[in-house]
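Tertiary structure, described
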Amino acid sequence: MTLIIGSLQLGFLYGIMALGIYITFRIMNIPDLTTEGSFTLGLAVSAMAALEGQTMTGLLLAALAGAAAGCITGLLQTKLGIHAVLAGILTMSGLYTVNLFIMGSSSNVSLIGAATVFKQAEEALGLTRDGAELLVSIGAALICLVLLILFFKTHVGLCIRATGDNEAMVSASSINVNGMKIAALAVSNACCAVSGGLIAQYQGFADVNSGTGILVVGLASVII
């Protein structure tokens, strides 16, 4: 039973990252490799904020940091004409140093004894540890899903979807194609960073190599 509950908790948390990868790989048809860097970026930002007692603020900052990483990749693609794969690799490589800087030049940061969103839910709702972690995981995944559904029904969201379907038609309709690509990458990497931020608070530590291979997990989730 413990194994099933733990699998559900991690499944919902990593599911947020899968939603982000879905945006770039399925909606926009862009092979974005920034994910491994933005996931760790969100993890680092959230962990350092949690050490200061700012759990929810840390998740918000993680989302903003991830969106910034996505914008950088988008600018490399659209403004400098760098191939999508290479642009993602450049951003991902650069974020390794940024993540180390955020974590105070330490490759691993422990959150033992620090406040996390899971501990706060446990204390506020009077639940067991597993119950609080499952509730927060499901709640976070549902919130992200609803926000994305609402976003893609807006004018910008519809333009992003149209850009992924037919870039030439969108360009002929006087829609800024490059702007839509940057926006899609920003939203995608924001989701990945939020997932990383929640994982950091869930597992109780942040490691600079946590994002290694995470893209494969996300792609497998999208395929499934």
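Being a predicted model, the structure only gives us computed values, none of them experimental.

Reading the values: rules and limits
Residues numbered from 1 in each chain as written. Predicted model: local features only at pLDDT ≥ 70, side-chain atom pairs only at ≥ 80, totals over all residues. Heavy atoms only, no water. Core = buried A, V, L, I, M, F, W, Y, C linked by side-chain atoms within 4.5 Å. Buried < 20%, exposed > 50% of the residue type's maximum accessible area, 1.4 Å probe, protein only. Helix = DSSP H or I, 4+ residues; strand = E, 2+ residues; numbered from the N terminus. Contact = heavy atoms within 4.5 Å. Patch = residues over 30% accessible without salt bridge, like charges linked within 9 Å, V, L, I, M, F, W, Y side chains within 5 Å. Areas by Shrake-Rupley, 256 points an atom, 1.4 Å probe, with all protein chains shown as cover. Salt bridge = Lys/Arg side-chain N within 4 Å of Asp/Glu carboxyl O. Polar contact = N/O pair within 3.5 Å; in protein donor to acceptor, adjacent residues only side chain to side chain. Axes fitted to C-alpha atoms, helices over the stretch in contact; angles between N-to-C directions. Parallel < 35°, antiparallel > 145°, perpendicular 65-115°, else oblique. Left-handed = near helix turned anticlockwise from the far one by under 90°. Nonpolar A, V, L, I, M, F, W, Y, C, P; charged D, E, K, R; others polar. Phe/Tyr/Trp six-rings, centres within 6.5 Å; stacked < 30°, edge-to-face > 60°.

Right, let's get into the nonpolar core. In terms of nonpolar packing, the biggest core is built from 47 residues, with Ile16 and Leu198 touching the most fellow members. For this core, the secondary-structure elements that each account for two or more residues are helix H1 (2-27), helix H2 (35-51), helix H3 (55-78), helix H5 (117-125), helix H6 (129-151), helix H7 (155-165), helix H9 (177-203) and helix H10 (214-223). Broken down by element, this core gets its largest block of residues, ten residues, from H9. With near-sequence residues (within four places) excluded, Leu198 lies in contact with Leu13, Ile16, Leu59, Val117, Phe118 and Ala140. Counting residues in each nonpolar core, the second largest holds five residues, with Leu41, Val45, Ala65 and Leu95 among its members.

Once that is clear, we can look at a nonpolar patch on the surface. A cluster of nonpolar residues, Ile4, Leu8 and Phe12, forms a patch on the protein surface that exposes about 250 Å² of accessible area. When you line up the elements, Phe12 lands in helix H1. With a relative accessible area of 31%, Phe12 lands in the partly exposed category.

What follows is about the environment of Gln203. Here Gln203 lies in helix H9. Sequence separation between Gln203 and Ser110 is 93 residues, and the spatial gap between their C-alpha atoms is 9.5 Å. Not counting residues within four places of it along the chain, the set of residues in contact with Gln203 comprises Leu43 and Ser210. A distance of 3.0 Å separates a polar atom in the side chain of Gln203 from the backbone oxygen of Phe205.

This part takes up the packing of H5 against H6. Packing of H5 against H6 leaves a shortest axis separation of 8 Å and a crossing angle of 115°. When the interaxial angle is binned, H5 and H6 end up roughly perpendicular. As H5 runs across H6, the sense of the crossing is right-handed. Residues Val117, Phe118, Ala121, Glu122 and Leu125 of H5 form the contact with H6, whose own contacting residues are Arg129, Ala132, Glu133, Leu135, Val136 and Ser137. Taken together, the residues of the contact of H5 with H6 break down into seven nonpolar, one polar and three charged.

We now examine the packing of aromatic side chains. The final tally for this structure, using the stated rule, is three aromatic pairs. An angle of 70° between the planes, with centres 5.7 Å apart, marks the rings of Phe118 and Tyr202 as edge-to-face. One end of the pair, Phe118, is in helix H5; the other, Tyr202, is in helix H9, with 84 residues separating them in the sequence. Accessibility classification places Phe118 together with Tyr202 in one group, the buried group. Ring centres of Phe151 and Phe152 lie 5.2 Å apart, and the angle between their planes is 75°; on these two criteria the pair is classed as edge-to-face. Overall, Phe151 belongs to the partly exposed group, its relative accessible area being 23%. Residue class for Phe152 comes out buried when judged on its relative accessible area of 11%.

The subject of this paragraph is unusual backbone geometry. Phi angles above zero are rare outside glycine, and Asn29 is one such case at about 60°. Within the secondary structure, Asn29 is located in the loop between H1 and H2. Accessibility expressed as a relative area gives 52% for Asn29, which makes it exposed.

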